[in-house]
Amino acid sequence: MPSFADQAASRRKFLQFLAGSPLLAAGGLEALAGEGPVPGSKLPDPLMWAPMRTTELIKTPKEAINVFDFEPVCRTNVPPAHFGYMASGIDDEVTLRANREGFLKYQLRPRRLVDVSKVDMSTEILGVKYDSPIVIAPVGGQQSFHEEGEVAVARAARQGNHLQILSTVTNVGVEEVTAARGAPLWYQLYASNKWDVAKAMVMRAEKAGCLAVAVTVDRSGGRNQETLFRLRSTDTRECSGCHERGSGLAATLTRRAMYQGIDVSGLTNTQSSAMTWDFLKRLRDTTKMKIVLKGILAHEDAVLAADAGMDAIIVSNHGGRSEDSGRSTIDALPEIVEAVKGRIPILVDSGFRRGSDVVKALALGARAAMIGRAYLWGLAANGEAGVANVLEIFRAGIEETLNALGRESIGELVPEDVLMPPGFTRR
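Below you will find a few notes about this structure. All residue numbers refer to positions counted from 1 along the written sequence of the respective chain. Given that this is a predicted model, residues contribute local features only at a pLDDT of at least 70 and side-chain atom pairs are listed and counted only at 80 or more, while totals for whole chains, interfaces and linings are drawn from all residues. Working from all heavy atoms in the structure, the side-chain values ignore hydrogens and water.

1. So, the overall build of the protein chain
Reasoning step 1: In this text, helices come from DSSP runs of H or I with a minimum length of four residues, and strands from runs of E with a minimum of two, each type numbered from the N-terminal end. Helix and strand counts for the protein chain come out as 15 helices and 12 strands.
Reasoning step 2: Partly exposed describes any residue whose relative accessible area lies between the buried limit of under 20% and the exposed limit of over 50%, with all areas from a 1.4 Å probe on protein chains only and scaled to the type maximum. In the protein chain, which comprises 427 residues, the share counted as buried stands at 54%.
Reasoning step 3: Restricting to contacts in the protein chain with at least 6 residues of sequence separation, those with at least 24 account for 71%.
Reasoning step 4: In these tables, accessible area is a Shrake-Rupley quantity obtained with a 1.4 Å probe, and a residue counts as shielded only by the protein chains included in the view. For the protein chain, the exposed area adds up to about 18800 Å²; of that, 51% sits on carbon and sulfur atoms. Contacts: residue pairs with any heavy atoms within 4.5 Å of one another.

2. Focus on the sheet that holds strand 10 (residues 346–349)
Reasoning step 1: At least two DSSP bridges between two strands are needed for those strands to be called paired. Strand order in the open sheet made by the 8 strands is 4-11-10-9-8-7-6-5, with parallel pairing throughout. If you trace the sheet from one side to the other, it starts and ends with strand 4 (134–136) and strand 5 (165–166), each paired once.
Reasoning step 2: Inspection of the sheet shows strand 6 (residues 186–189) paired to strand 7 (residues 212–216) by 4 bridges, in the parallel sense. Bridging across to strand 7, Tyr-187 finds its partner in Val-213.
Reasoning step 3: Only the stretch in contact is used when fitting a helix axis, every axis being a line fitted to C-alpha atoms; angles between N-to-C directions are given from 0 to 180 degrees. The strands that helix 8 (residues 195–207) touches are strand 6 and strand 7; relative to strand 6, the one it contacts most, it runs at about 175°.
Reasoning step 4: Where helix 11 (residues 277–286) meets the sheet, it contacts strand 6, strand 7 and strand 8 (290–296), and its direction lies at approximately 155° from that of strand 8.

3. As for the pairing of strand 7
Where a strand is regular, its side chains alternate between the two sheet faces.
Reasoning step 1: Across the 5 residues that make up strand 7, a large majority, 5, are buried.
Reasoning step 2: With burial as the criterion, each face of strand 7 is covered, one bearing Ala-212, Ala-214 and Thr-216 and the other bearing Val-213 and Val-215.
Reasoning step 3: If you view a crossover with the strands going away from you and the path from the first strand over the helix to the second runs clockwise, you call it right-handed. Handedness of the crossover is the feature at issue here: the chain leaves strand 6, passes through helix 8, returns alongside strand 7, and the resulting connection is right-handed.
Reasoning step 4: As paired strands, strand 7 and strand 8 are joined by 5 bridges and run parallel to one another. Within strand 8, the position partnered with Val-215 by the bridge is Leu-293.

4. Examining helix 14 (residues 355–363)
Three- or four-residue spacings in an α-helix give side chains the same orientation, since the helix completes a turn every 3.6 residues.
Reasoning step 1: In terms of burial, helix 14 is a largely internal element, 8 of the 9 residues being buried.
Reasoning step 2: Residues Gly-355, Asp-357, Val-358, Val-359, Lys-360, Ala-361, Leu-362 and Ala-363 constitute the buried set of helix 14.
Reasoning step 3: Directly beyond the C-terminal end of helix 14, a positive phi value near 125° is found at Gly-365.

5. Considering the pattern of salt bridges
Reasoning step 1: Salt bridges, as used here, are contacts in which a Lys or Arg side-chain nitrogen is within 4 Å of a carboxyl oxygen on Asp or Glu. Applying the stated rule across the entire model yields 11 salt bridges.
Reasoning step 2: As a salt-bridge pair, Arg-155 and Glu-148 come within 2.8 Å of each other at their nearest N and O atoms.
Reasoning step 3: Residue classification places Arg-155 among the partly exposed positions, given a relative accessible area of 28%.
Reasoning step 4: In this structure, Lys-294 engages Asp-349 in a salt bridge whose closest nitrogen and oxygen atoms are separated by 3.7 Å. Note that Lys-294 is positioned in strand 8 and Asp-349 in strand 10, a separation of 55 residues in sequence. One exposure class covers both Lys-294 and Asp-349, and it is buried.
Reasoning step 5: Among the charged side chains, a network of salt bridges with common partners joins Glu-148, Arg-155 and Glu-384.

6. Regarding the packing of aromatic side chains
Reasoning step 1: Ring pairs are drawn from Phe, Tyr and Trp, using the six-membered ring of Trp, whenever the two centres fall within 6.5 Å, and their geometry is named by plane angle: stacked under 30 degrees, edge-to-face over 60, tilted for the rest. Enumeration according to the criterion identifies 3 aromatic pairs in this entry.
Reasoning step 2: Between Trp-195 and Phe-279 the ring centres are 5.5 Å apart and the planes differ by 75°, which places this aromatic pair in the edge-to-face class. Placement of the pair is Trp-195 in helix 8 and Phe-279 in helix 11, with a sequence separation of 84 residues.
Reasoning step 3: By relative accessible area, which is 15% here, Trp-195 ends up buried.
Reasoning step 4: Given the relative accessible area of 13%, Phe-279 is considered buried.
Reasoning step 5: Seen from the ring of Phe-83, Arg-75 lies directly overhead, with NZ or CZ sitting 4.9 Å from the centre.
Reasoning step 6: Note on geometry: a ring has a charge over it if NZ (lysine) or CZ (arginine) is within 6 Å of the ring centre and within 35 degrees of the ring normal. In this structure, Arg-321 is placed above the aromatic ring of Tyr-85, and the distance from its NZ or CZ to the ring centre is 5.0 Å.

7. Here's the deal with the nonpolar core
Reasoning step 1: Membership of the largest hydrophobic core comes to 102 residues, with the highest contact counts inside it found for Leu-189 and Ile-313.
Reasoning step 2: In terms of residues, this core owes the most to one element, helix 15 (residues 373–405), which gives 15 residues.
Reasoning step 3: Among buried residues, those of type Ala, Val, Leu, Ile, Met, Phe, Trp, Tyr and Cys that are joined through side-chain atoms within 4.5 Å constitute a nonpolar core. Trp-186, Val-292, Ala-368 and Met-370 belong to the second largest nonpolar core, which has 15 residues in total.

Okay, here's the thing in structure tokens:
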């Protein structure tokens, strides 16, 4: 029997052969062709959708053929720890992969001989009309990817009249981001276990003109982000410019815009491990903003949300970052739509990379789809211009898919436009 060393040598030769193949060449395989997987290395998101050669980077946003072209530029431009924060799921990252691969289960049913020379992509969300069903998902600390951070994203969102949701852990205050967007935002809330912290943020967001507060309900504590931890260990930069290492959570939070002026002493986590429906009743008595629940994955919770008078829900698994259940949001969406029966709008996020992904979700009953990592790739690659082009690619993809389906508007989409996975039965 060959020795372990002989087996390892043979394996390296085989991987080197694969890495040199023009059919299989991609950044992940090139890395594997060395001594095997390097700690902190990560295949593109995911490999089968990646650019064929990640070493041939786009130089301008307009060179991008799809949103994946921005990812390797992002990987080049940002520090390892920042890239790891964005790219990681948790544990084995099963859910992270499922979010992307889940779209393959749902097939579209093209129709012919319909006049689709003019396509309307506009949608109404909580009484406001937007030109597109693509929503900018909340992501914290966007200056980790570009010096203009959330402001650059807001200006790009303004170009296409997209709804933007601002993260609790934004680098830039809600007032400045609202001014850059030129229209009201939604504010995402990490409530923590201190009511006074949540109340202060909500009141500030309302004063700034935010229309809704999107309460994250799928995070109750820490998470095992192995990709982040491995990449962070390779990051040799001096991080005191933006992180207070070793000084505790309170010192770090005071550098985030929305925590300034708030007493965060005693906080050990920004998440809320004690949140129940009673918190939402208290929140309803506190703010005039609409209340949206972000992180619903079970039809039972969706019904409870509607019964409790919530204004909308977001079907989300936090981009595969809240738990590693292995279930994609596109798989969870149909049962939630059926259970809610149109009582409140449903948005969905996690894994959206193509306009056709968005159309599938809309046909299944979502009002809009939220994107996160994809626009961060654009932000890290080219700032405002990169984000704007990512959004443009999504809009073009939606229009092309509507053309194929023979639909003149997203309002014409119906569940029958999508073939469901084998074994699925509508109620």
